[in-house]
Amino acid sequence: QVQLVESGGGLVQPGGSLRLSCEASGIFFRAFTMGWYRQAPGKQRELVATVTSGGSTNYVDSVKDRFTISRDNAKRTVYLQMNSLKPEDTAVYYCNADRELGRLNYWGQGTQVTVSS
């Protein structure tokens, strides 16, 4: 079965850092674009960052120069390094795996990130 398991969330003060991890199983990991999404209370889920199988990255403007997405294919894991965190970054962060060929799309259960003093 397909499983995406996120970890690394928690409570951090403004200006602090967190590193999220998402380990995938049950998929041919190298063939998937991996991404991080987030959903704050009362808001729609939004794309935060993606990294393709070829290593190309994309970020929403609000996190550029603060967040870095990366992947380790040997570990079947995607990471999101979050620096200079702001209260508006508070949300549940979800890991996503997508492969256009075959229309495959999977989600993790989410991990809470809270930025507060």
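This one's a predicted model, so the numbers in the text were calculated from it and none came from an experiment.

*Asks:* Please set out the pattern of salt bridges residue by residue, giving values where relevant.
*Replies:* Following the criterion strictly, the structure yields four salt bridges and no others. Note that aspartate 61 and lysine 64 form a salt bridge whose closest N and O atoms lie 3.0 Å from each other. We classify lysine 64 as partly exposed; its relative accessible area is 41%. The residue aspartate 89 makes a salt bridge to arginine 66 at a minimum N-O spacing of 2.8 Å. A residue pair is termed long-range when its members are at least 10 positions apart, and aspartate 89 in the loop between strand 8 (77-82) and strand 9 (91-99) and arginine 66 in the loop between strand 6 (57-59) and strand 7 (67-72) qualify at 23 residues. As far as the burial class goes, aspartate 89 and arginine 66 line up, both buried. Through salt bridges with shared partners, a single network forms among Arg38, Glu46, Arg66 and Asp89.

*Asks:* So what's going on with the side chain of serine 21? Residues and values would help.
*Replies:* Looking at the element boundaries, serine 21 is found in strand 3 (residues 18-25). Overall, serine 21 belongs to the buried group, its relative accessible area being 18%. Setting aside anything within four residues of it in sequence, one finds serine 21 in contact with Val5, Glu6, Ser7, Trp36, Thr77, Val78 and Tyr79.

*Asks:* Pulling in residues and values, what's your account of the state of the cysteines?
*Replies:* The final tally for this structure, using the stated rule, is one disulfide. Each disulfide pairs two cysteine sulfurs, and for cysteine 22 the partner residue is cysteine 95, the sulfurs being separated by 2.1 Å. Between cysteine 22 and cysteine 95, the S-S dihedral sits near -80 degrees, and the bridge is therefore left-handed. Of this pair, cysteine 22 sits in strand 3 while cysteine 95 sits in strand 9, and the two are 73 residues apart along the sequence. We classify cysteine 95 as buried; its relative accessible area is 0%.

*Asks:* Give a detailed account of the pairing of strand 4 (residues 33-39), specifying residues and quantitative values.
*Replies:* Of the pairings in the sheet, the one linking strand 4 to strand 9 comprises seven bridges and is antiparallel in character. Among the inter-strand pairings, arginine 38 is bridged to a residue of strand 9, identified as tyrosine 93. The pairing of strand 4 with strand 5 (residues 46-51) spans five bridges and is classified as antiparallel. The residue of strand 5 that forms the bridge with tyrosine 37 is leucine 47. The hairpin turn running from strand 4 into strand 5, its antiparallel successor, is six residues long, and glycine 42 in that turn takes a positive phi close to 75 degrees.

*Asks:* Please set out the packing of aromatic side chains residue by residue, giving values where relevant.
*Replies:* Taken as a whole and judged by the stated rule, the model has two aromatic pairs. With centroids separated by 6.2 Å and ring planes inclined at 40 degrees, the aromatic side chains of phenylalanine 32 and tyrosine 106 adopt a geometry described as tilted. Of this pair, phenylalanine 32 sits in the loop between strand 3 and strand 4 while tyrosine 106 is found in strand 10 (residues 104-107), placing the two residues 74 residues apart along the sequence. A relative accessible area of 24% places tyrosine 106 in the partly exposed class. Where tyrosine 37 meets tryptophan 107, the ring centres are 4.9 Å apart and the plane angle is 65 degrees; that geometry is what we call edge-to-face. With tyrosine 37 in strand 4 and tryptophan 107 in strand 10, this pair connects stretches of sequence that are 70 residues apart. Since its relative accessible area comes to 37%, tryptophan 107 is described here as partly exposed. Over the ring of tyrosine 79 we find arginine 19, and its NZ or CZ is 4.3 Å from the ring centre.

Parameters and conventions
- Within every chain, residues take consecutive numbers counted from 1 along the sequence as written.
- In keeping with the predicted nature of the model, local features appear solely for residues at pLDDT of at least 70, side-chain atom pairs appear and are counted solely at 80 or more, and the whole-chain, interface and lining totals rest on all residues.
- Excluded from the side-chain calculation are hydrogens and water; included are all heavy atoms of the structure.
- In what follows, salt bridge is the name for a side-chain nitrogen of Lys or Arg lying within 4 Å of a carboxyl oxygen of Asp or Glu.
- Whether a residue is buried, partly exposed or exposed follows from its accessible area with a 1.4 Å probe, protein chains only, as a fraction of its type maximum: under 20%, in between, or over 50%, in that order.
- Helix and strand labels come from DSSP, where a helix needs a run of H or I of at least four residues and a strand needs a run of E of at least two; each type is numbered from the N terminus.
- Any two residues whose heavy atoms approach within 4.5 Å are treated as being in contact.
- For the purposes of this analysis, a disulfide is any pair of cysteine sulfur atoms at a distance within 2.5 Å.
- Any two strands with at least two DSSP bridges between them are considered paired.
- Here a Phe, Tyr or Trp ring, Trp counted by its six-membered ring, pairs with any other such ring whose centre lies within 6.5 Å, and the pair is stacked when the planes are under 30 degrees apart, edge-to-face when over 60, and tilted otherwise.
- Whether a charge sits over a ring comes down to the Lys NZ or Arg CZ being within 6 Å of the ring centre and within 35 degrees of the ring normal.

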